Amino acid sequence: METYLKKPIFFFLLFVFYFSHLNRNHTACGYSQYKYTSERYYMALEDTDHVKRGFQALLHSFLENLQKNLSTSILLNVAANTTDVIEIENRHHKLTDLSSFFQYSSEQAALLVGKIELCFEITKNESESYLRKWEEIRWSLQPSISTEVKALVDEYFIEMQSFHTMFSDIIDDFSEYVAHVLRSVRDIFIEYADIQTDSFRRFKATKLCYNVYMDFLQQWSAIIFKCTTATDLNTAYDVYTTSETTSRHVMTQLEFRMQRLHNCLASRDYRMRCQFLRNPERDLSKLFIKLDELQQYFDIKIKRGRVNSNRKRRSDISEGRKSIELKLKMQTNRDHNSTAGNENKCIPIDFPYKYMSTNLKKCFDFLLWESK
């Protein structure tokens, strides 16, 4: 008797499990559960942040190490109990290490540029993927869904388009600025490394010349390094970090809205579950405010005086709406913030020859130099 009772109970439990599992993967209207923000986006953020931290650490202790490694007083103390050959070799290695540092730092700056540009591009693509998903839902709405709800989905889609356009424009501005700063650092460092390599080929390797030349390089390396990494590089770090934080927030909010749309269309209780569709401008207002804050931060940081540009652009978009067709055609105009063409003022013209003392010039084959 117990065996016969167990079989119906077993099949009943199996039946319940099957349909509960089915319900978790398919909504009532046939919409599949929305997939979250891609792993590629988060991996790009982590990878870029890792390279950025490495680059910052590389530059962090340079001035302190420069003082230790190129101090002639320290070298003289070390050399007191060494032969002249060992002493000269030691100084030779320190000079080549200095050149190698700037060479390697320029390569790391170039690497960071590539990572940041890729990360910004993936961020824009991720935002666009939400827009495409929303559009797919628009075109695949069930016939049972009322015309009113479909129109509301269209209205919300227009607002999403406006947001994506503005978000992409700001990301482009950030990417352009940060990449320009890092490329400037890269160019200055590689130029300075090349100057050192070229100078060393003309160098007369005597103990006295090493002393004078190392003092010269210690002074000018500090000047050029400080000039290159002073304000703009720190600003670029801040701009990237702020944009990263904001983009994470934006993705979380877009993800939430996509899931809410799925829940709305799956519930059939449109009056209660789809209230947010009735006023898309209000529903997305906090995200637009976040973009305004991001733009203001950027304008203040780089002193461009365009603090209210996005707010005005946002107002123009809202006031100009006459129909869905008109809204679909609306495009926002991007302010181009090209910083290209800035001259490299960290390495003086005709450096280093014209900035050397008379005694130091005697340590080089100046005939070759002056014939350049």
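Computed from a prediction, not measured in an experiment: that's the story for all the values here.

### Comments concerning the pattern of salt bridges
For the structure shown, the criterion picks out 16 salt bridges. Two residues, Asp47 and Lys115, come together in a salt bridge whose shortest N-O distance is 2.6 Å. Here Asp47, found in helix H2 (residues 39-60), pairs with Lys115, found in helix H5 (residues 84-139); they are 68 residues apart in sequence, far enough to count as distant. The exposure class of Asp47 is partly exposed, given its relative accessible area of 33%. Taking the relative accessible area as the measure of exposure, Lys115 reaches 23% and is therefore partly exposed. Two residues, Asp238 and Lys301, come together in a salt bridge whose shortest N-O distance is 3.1 Å. Residue Asp238 is found in helix H8 (residues 231-267), and its partner Lys301 is found in helix H11 (residues 285-302); the two are separated by 63 residues along the sequence. The exposure class of Asp238 is partly exposed, given its relative accessible area of 33%.

### Some words on the state of the cysteines
Counted by the stated rule, this structure contains 3 disulfides. Each sulfur of the disulfide joining Cys227 and Cys346 lies 2.1 Å from the other. Judged by the sign of its S-S torsion, about -80 degrees, the bond between Cys227 and Cys346 is left-handed. In this pair, Cys227 is assigned in helix H7 (residues 207-229) and Cys346 in the loop between helix H13 (324-329) and helix H14 (358-361), connecting sequence segments 119 residues apart. Given the relative accessible area of 37%, Cys227 is considered partly exposed. Across the disulfide, Cys264 is cross-linked to Cys274 (sulfur-sulfur distance 1.8 Å). Across the disulfide from Cys264 to Cys274, rotation about the S-S bond amounts to roughly 100 degrees, and the bridge is consequently right-handed. Note that Cys264 is positioned in helix H8 and Cys274 in the loop between helix H9 (270-273) and helix H10 (280-283), a separation of 10 residues in sequence. By relative accessible area, Cys264 is classed as buried at 0%. Shown here for the protein chain is a disulfide pattern of 1-6, 2-5, 3-4, where each number marks a bonded cysteine counted in sequence order.

Thresholds, definitions, all that
Note on numbering: residues in each chain are counted from 1, in written sequence order. A pLDDT threshold of at least 70 governs which residues receive local features in this predicted model, and a stricter bar of 80 or more applies before side-chain atom pairs are shown or counted, although totals over entire chains, interfaces and linings include all residues. Side-chain numbers here rest on the full set of heavy atoms in the structure, without hydrogens or water. Any carboxyl oxygen of Asp or Glu within 4 Å of a side-chain nitrogen of Lys or Arg constitutes a salt bridge here. Only DSSP runs of H or I covering at least 4 residues are called helices, and only runs of E covering at least 2 are called strands; the numbering of each starts at the N terminus. Only protein chains enter the accessibility calculation, which uses a 1.4 Å probe. A residue is then buried if its area is under 20% of the maximum for its type, exposed if over 50%, and partly exposed in between. Working definition: a disulfide is two cysteine sulfur atoms within 2.5 Å of each other.

No statement about biological role is implied by the geometric values presented.
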